[in-house]
Amino acid sequence: MEEQAALKRILERERKARKESERILEEKSLELFEANQELKKLNSSLENRYEKIVEQANDIIYRGDKNGFCLFINSIASRILGFSQQELLGRHFTEMVTKDQIENVVAFYTKQRETLTENTYFEFTVNTKSGGIKWLGQNVSLIIEDGEIIGTSAVARDITNQKQADEQIKRNEEKFRSIIENMELGLLEVDTKGMVISSNHRFAQMTGYSEADLIGKDPSLLLTDVASKKIIDSKNIERKAGSSSVYEIKGKKKNGEPIWLMISGAPRFDKGGDFIGSIGIHMDITEQKRLLNQLEIAKSLAEESSKAKETFLAHMSHEIRTPLNSVLGMTHLLGDTNPTEEQKDYLETIKYSSEILLNIISDILDISKIEAGEAEFNETTFDLTELVKAQQKTFAFRMQEKAVKVELDLDEKINTQVIGDKMFINQILMNLLGNACKFTEKGQIKLSVLKGEEINENVFIHLTVEDTGIGINKVHIDQIFESFKQADQTTGLTYGGTGLGLSIAKHLVELHGGEIEVESKINVGTCFHLKIPFKKTDLPLIENKPEEKRPIAKRLKGINVLVAEDNLMNQKFLSKVLDKCQIKYTVCDNGEMALKQAENEIFDLVLMDIQMPIMNGYETTKAIRKLSNANKDIPIIALTASALVDERKKVLEVGMNDHLSKPFSPDQLRTAVEALILGTGKVKFQLDQSYFEEFYGDDDTFKNEMLQIFLKNIDDEMKQLKEAVVESNNEKVYQVAHKNKSSFLMAGLGQLEPILKQIEELASKNLNDYHNLAEELFDSMPSAIESVKKEIGL
Amino acid sequence: MKGIVFTEFLDMVEREFGIVVADNIVTKSNLSSGGAYTSVGTYDHGEMVQLVTHLSDEINTPVNTLLLVYGEYFFQVLADSYPKFFADIPDAFTFLSGIENHIHVEVLKLYPDAELPRFDISRIDENTLQMVYHSERKLAAFARGLLNSSIKHFGEQIEIESKDISGDGGIVQFTLVKA
């Protein structure tokens, strides 16, 4: 009974438990269903999302079966490859790989499958539908389960542009590499420590060091030259500071041969701007250096040879001029020894020939100097009108025999002095006029001087030298300005000369900044046109002085001259000239003797040879200028053996006052001496002491009174005489001359009394050619008065 | 607590002590489930405590003895129902060493909300395995029953010594030594 009741209850509980379990089951089943629905939704949304990503991707994304045949592919593939998605499904990507790469591609992916490598990347080209070619970079993943490949997935990117850019970069690199290789330039790349990273083939050819020899080493170590090593080190420091430069070094090849390299070095920086080393382009300049060296040797030889030529010319000048000086000098002196007419004729010939010889030497020296660029342009202020007038007179005189007139057409508008090189202009006109005289037998030679345009501080003067001579053939007209070229070969033979005159003239015109042109007609004449610039001045022209020859010698009588000259023949020539002028002189054989003489005796003038033993003329002059006696300021005339322009300059620099170029005529010497003596008022009159004694006895008071009266009146008397002479008032000239004769005697000026006497005589005969004499008298008066003043202690 | 523990317990009581005893302990207990258990359900742990306590009174046997016996019984139920737990397992030590990483993982797959004890296991030497039981349920006797049956299952001679570390059966150390 009890058991039955228990069973009943148990049963009841079992039923209840079954229902409970059914309820739980239903509940679980519903939960499962809902979870499943949820999962499905999630899955579909995920697929959607991934599909979108896959479709929007720029890369081809595809899935393959276990053998790689396409199961799914996104639409971008169509855009890249040109095939539709339908056309691609079921195909294998290797079908599209280009022929040239198929082998590599298949080998690569076979290996991936064999080694079960999960992910790989490979680049290759494929053919597109339109026949084009694209580069793809493909990532392939194998889907592996239990060691078996069950599928593949891949992402392929179109890298055509990138490949093309790479290709372009590669081609550029190749291009530049090929340029550098073809340009025969050695390339060296070094790191920050100067150690080689790479070198090219050409560098190896150049130096013998291969890339293997160099890598990781300091290239400057192959250069044993310490100086070169220092240069390279300093350049490496420059590189670090970021600067490039080009330099040359001397090095040694691997085989020990020397090599000169020109290196163009530049620093290299990484993207962040940090210094990462430098690159050097090397050029083998050994051959150029060798040539340069040879050129330098050749140049130095040429310079030596040029110097030798110059020295030779200077010596030749001295050697020829010295004896020529004697020949000319003696010829002049012989002329004064009452030669017969026949002898005079011979002397003339000697003189003429010597002068020609002298001219030739001068011309050769001048052109050598000019062509060596040593003719110096020395500006002075001078009166051009006076210069051309003198030239006209000189040539007019010379052409008297030929019956050829020499005329001057001078522009009146030229009314001031100008600044230019007086020597150059003189030489130019002398050469052109000399040339005209040589080739003109009849008719006239005309020198025209016209004022041209004024530009700023300059005034252009047009000079024309026109003749009616033989003319120049058109064929030769272009050559006449060339050195040693005359119009034709026969000219030299017929007319003589070196053909240098015109060449010198042209050079000097150009040195003066001017131009020269020539026009000519055979048998009609030749005309030279010159246009020369001068600097303007406000200085008025020098008043014209009478051109008559004056008996200068007399006025130099009594001065004391020191002669320094080593050459015996020159000593003799100078002695004769000075004797003739009644000039007192002392001759010394060298500078040292002359200096000693100057220490002990006061002179009025020194004639100084330049080339002398012991002490030359320059040294002696400098020493004289340092003397403590009155000779310190003495006028010194240099007697130079050469006409070289720079010697002229040098004598003035060392303190000489003028120079005479040997050989010189007695007149040239007298003119030079006179100019200096008159300029310094050094002409001394030897007052006639014997007359003083005879007339005044011991009565100095009377003598002083008489001399003072003379000094008081003399200025007025001379003024009257001057006026009378200018007016050619013979009566008055006679009166004044006569009246003063005795005054001059009483003043001790017996030396000048004969001049007054001659003037008096001429005037009394009503002849008025006393102008020269009067001029001589007036010129002498200042020093005469000076001597008188000294006599009475004034 | 999982329903299977209740259903198998009542099955064992019915089989061992008759349906009257089984009905009595259910009737005497104050059970919110009403004693209608299904193996897929989950019930309050306190119901099991009432059932065991009433059974102990009914047959005059200590609770721990009952739990030990039930453990030995329950192991057999599991072994019969889930033979794959024992596939390729050569001996008891191998089986017991894998209890945390293998058996409990499988149990959780079947009963996701099962509340399982934790065992800290260390192999002392070739013949000795130490297992420390941790559980708030304090059912170390039940665990001992499971251990006894598992050793029996592999047919091995292994002595088990137990030591109540927490004193209340919450943490108990079992030392298994092969004979």
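Residues numbered from 1 in each chain as written. Chains lettered and ligands numbered in written order. Predicted model: local features only at pLDDT ≥ 70, side-chain atom pairs only at ≥ 80, totals over all residues. Heavy atoms only, no water.

1. Focus on the overall build of chain A
A tally of regular secondary structure across chain A gives 25 helices and 22 strands. A separation threshold of at least 6 residues defines the contact pool for chain A, and within that pool the share at least 24 residues apart is 59%. Surface exposure of chain A reaches about 45,100 Å², of which carbon and sulfur atoms provide 52%. (Helix = DSSP H or I, 4+ residues; strand = E, 2+ residues; numbered from the N terminus. Contact = heavy atoms within 4.5 Å. Areas by Shrake-Rupley, 256 points an atom, 1.4 Å probe, with all protein chains shown as cover.)

2. Digging into the overall build of chain B
Within chain B one finds six helices and four strands. Put simply, chain B runs from its N terminus to its C terminus through helices and strands in the order α-α-α-α-α-β-β-α-β-β. Counting all 179 residues of chain B, 50% fall into the buried class. The long-range fraction of contacts in chain B, counting pairs at least 24 apart against all pairs at least 6 apart in sequence, stands at 58%. (Buried < 20%, exposed > 50% of the residue type's maximum accessible area, 1.4 Å probe, protein only.)

3. A closer look at the confidence of the model for chain B
Note: predicted coordinates in regions of low pLDDT should not be interpreted at a detailed level. Looking at chain B, the pLDDT average stands at 90 and 100% of residues meet or exceed 70. Prediction confidence for the complex, expressed as pTM and ipTM, is 0.36 and 0.78 respectively. (pLDDT = per-residue confidence, 0-100.)

4. Quick look at the interface of chain A and chain B
Each partner contributes residues to the interface: chain A has 12 residues there, and chain B has 15 residues. Carbon and sulfur atoms supply 64% of the area that chain A and chain B bury against each other, a total of about 1,100 Å² over both sides. A per-residue breakdown of the area chain A buries against chain B is headed by Ile10, Arg13 and Ile24 of chain A, which together make up 40% of the total. The salt bridge partner of Arg13 of chain A is Asp23 of chain B, with a shortest N-O separation of 3.1 Å. (Buried area = accessible area lost by both parts, 1.4 Å probe. Salt bridge = Lys/Arg side-chain N within 4 Å of Asp/Glu carboxyl O.)

5. A word on the packing of aromatic side chains
Given two aromatic rings, their pairing is described by the distance between the two centres and the angle made by the two planes. All names here are of chain A. As enumerated under the stated definition, the model contains 27 aromatic pairs over all chains in all. Aromatic pair Phe269 and Phe275: ring centres 6.2 Å apart, planes at 65°, arrangement edge-to-face. Look at Phe269 and you get partly exposed, because its relative accessible area is 42%. On the basis of an interplanar angle of 50° and a centroid distance of 6.0 Å, the ring pair of Phe377 and Phe424 is categorised as tilted. One end of the pair, Phe377, is in the loop between α10 (341–371) and β11 (380–382); the other, Phe424, is in helix α12 (residues 422–439), with 47 residues separating them in the sequence. What makes Phe377 partly exposed here is its relative accessible area of 34%. For Phe424, a relative accessible area of 4% corresponds to the buried category. Here a set of aromatic residues connected by ring pairs shows up, and it is made of Tyr62, Phe93, Phe108, Tyr109, Phe122 and Phe124. Its guanidinium or amino end placed over the ring of Trp135, Lys163 lies 4.5 Å from that ring's centre, counting from NZ or CZ. The ring of Phe481 carries Lys506 above its face, with NZ or CZ at 5.9 Å from the centroid. (Phe/Tyr/Trp six-rings, centres within 6.5 Å; stacked < 30°, edge-to-face > 60°. Lys NZ or Arg CZ within 6 Å of the ring centre and 35° of its normal.)

6. Quick look at the packing of helix α24 (residues 753–764) of chain A against helix α25 (residues 771–791) of chain A
Residue and element names in this part refer to chain A. As a packed pair, α24 and α25 sit with axes 10 Å apart at the nearest point and diverge in direction by 150°. Accordingly, the angle class assigned to the pair α24 and α25 is roughly antiparallel. Crossing of α24 over α25 shows left-handed handedness. Two secondary-structure elements touch here, α24 through Ile755, Leu756, Gln758, Ile759 and Leu762 and α25 through Leu773, Ala774, Glu776 and Leu777. (Axes fitted to C-alpha atoms, helices over the stretch in contact; angles between N-to-C directions. Parallel < 35°, antiparallel > 145°, perpendicular 65-115°, else oblique. Left-handed = near helix turned anticlockwise from the far one by under 90°.)

7. Some remarks on a nonpolar patch on the surface
A cluster of nonpolar side chains, contributed by Phe176, Ile179 and Met183 of chain A, occupies part of the molecular surface with about 300 Å² of accessible area. Within the element layout of this structure, Ile179 of chain A appears in helix α5 (residues 160–182). (Patch = residues over 30% accessible without salt bridge, like charges linked within 9 Å, V, L, I, M, F, W, Y side chains within 5 Å.)

8. A short note on a negative patch on the surface
Side chains of Glu342, Asp345, Glu348, Glu355 and Glu401 of chain A sit close together on the surface and give a patch of like negative charge. Mapping Glu355 of chain A onto the fold places it in helix α10. (Lys, Arg positive; Asp, Glu negative; His and termini not counted. Charge placed at Lys NZ, Arg CZ, Asp CG, Glu CD.)

9. Focus: the side chain of Ser199 of chain A
Its place among the elements puts Ser199 of chain A in strand β7 (residues 196–199). Apart from residues lying up to four places away in sequence, Ser199 of chain A is in contact with Leu187, Leu188, Ser210, Glu211 and Leu214 of chain A.

10. So, helix α14 (residues 501–511) of chain A
Residue and element names in this part refer to chain A. All of the buried residues in α14 are Gly501, Leu502, Ser503, Ile504, Ala505, Leu508 and Val509. Those residues of α14 that are buried are in contact with α10, α12, β16 (515–521) and β17 (525–540). Positive backbone phi, approximately 85°, marks Gly513, located one or two places after α14.

11. A word on the sheet that holds strand β8 (residues 245–252) of chain A
All names here are of chain A. Overall, antiparallel pairing links the five strands, which are arranged β7-β6-β10-β9-β8 in an open sheet. One side of each edge strand has no neighbouring strand; the edge strands of this open sheet are β7 and β8. Neighbour to neighbour, the strand axes of the sheet diverge by 30° on average, direction disregarded. Sheet analysis places β8 next to strand β9 (residues 258–269), joined by eight bridges and oriented antiparallel. (Pairing = 2+ DSSP bridges.)

12. What to know about the nonpolar core
Phe9, Met131, Phe174 and Leu176 of chain B are the most contacted members of the largest nonpolar core, which has 57 residues in total. Ranked by residue count, the leading element in this core is helix α1 (residues 3–28) of chain B, at 11 residues. In this structure, Ile445, Ile461, Ile477 and Leu502 of chain A belong to the second largest nonpolar core, which totals 43 residues. (Core = buried A, V, L, I, M, F, W, Y, C linked by side-chain atoms within 4.5 Å.)

13. Here's the deal with the sheet that holds strand β22 (residues 658–661) of chain A
All names here are of chain A. Taken in spatial order, the five strands line up as β19-β18-β20-β21-β22 in an open sheet, and their pairing is parallel. Edge positions in the open sheet fall to β19 (584–588) and β22, since each of these has one partner strand only. The sheet shows a mean angle of 20° between the axes of neighbouring strands, direction not considered.

14. Considering the pattern of salt bridges
One pass over the full model with this rule turns up 32 salt bridges over all chains. The partner of Arg157 of chain A in a salt bridge is Asp59 of chain A, with the nearest N and O atoms 3.0 Å apart. Separated by 98 residues along the polypeptide, Arg157 of chain A in strand β5 (residues 148–158) and Asp59 of chain A in the loop between α1 (2–56) and β1 (60–64) bring together distant segments of the chain. On the basis of relative accessibility, which here comes to 13%, the residue Asp59 of chain A falls in the buried class. Between Glu248 of chain A and Lys289 of chain A there is a salt bridge, with its nearest N and O atoms 2.8 Å apart. Of the two residues, Glu248 of chain A sits in strand β8 while Lys289 of chain A sits in helix α9 (residues 286–335), which places them 41 residues apart along the sequence. Given the relative accessible area of 33%, Glu248 of chain A is considered partly exposed. A single salt-bridge network, built from bridges that share partners, covers Arg9 and Arg13 of chain A together with Asp23 of chain B.

15. Section: the side chain of Gln173 of chain B
Residues and elements named next belong to chain B. Tracing the backbone through its elements, the reader meets Gln173 in strand β4 (residues 171–178). For Gln173, a relative accessible area of 17% puts it in the buried group. Among all residues touching Gln173, those that are not within four sequence positions of it are Gln130, Met131, Val132, Glu161, Ser162, Lys163 and Ile165.

16. Notes on the pairing of β1 of chain A
In the case of a regular strand, side chains alternate between the two sheet surfaces. Residues and elements named next belong to chain A. What you see with β1 is a clean split: Ile60, Tyr62 and Gly64 sit on the buried side and Ile61 and Arg63 on the side with no burial. Direction of pairing for β1 relative to β5: antiparallel, over a ladder of five bridges. Along β5, the bridge assignment pairs Ile61 with Val155. Here β1 pairs with strand β2 (residues 70–73) via three bridges, running antiparallel. When the sheet's bridge partners are listed, Tyr62 is paired in β2 with Ile73.

17. Some thoughts on helix α4 (residues 99–115) of chain A
All names here are of chain A. Given a rise of 1.5 Å per residue, 17 residues ought to cover 24 Å, and the 25 Å separating the end C-alpha atoms of α4 matches this to within 8%. For α4, the set of buried residues is Gln101, Val105, Tyr109 and Gln112. End-on, the buried residues of α4 take up no more than an arc of 60°, which puts them together on one face. With respect to the buried face of α4, the exposed residues turned more than 90 degrees away are Glu103, Asn104, Lys111 and Glu114. The elements touched by buried residues of α4 are β3 (119–127) and β4 (133–145). At the exit of α4 stands Leu116, carrying a positive phi of roughly 55°. (Expected span 1.5 Å × (residues − 1). Arc of directions from axis to C-beta.)

18. As for unusual backbone geometry
Positive phi outside glycine occurs at Asn338 of chain A, with the angle close to 50°. Along the chain, Asn338 of chain A turns up in the loop between α9 and α10. For Asn338 of chain A, a relative accessible area of 74% puts it in the exposed group. One non-glycine residue with positive phi stands out, namely Lys138 of chain B, at about 55°. On the secondary structure map, Lys138 of chain B appears in the loop between β2 (128–134) and α6 (140–154).

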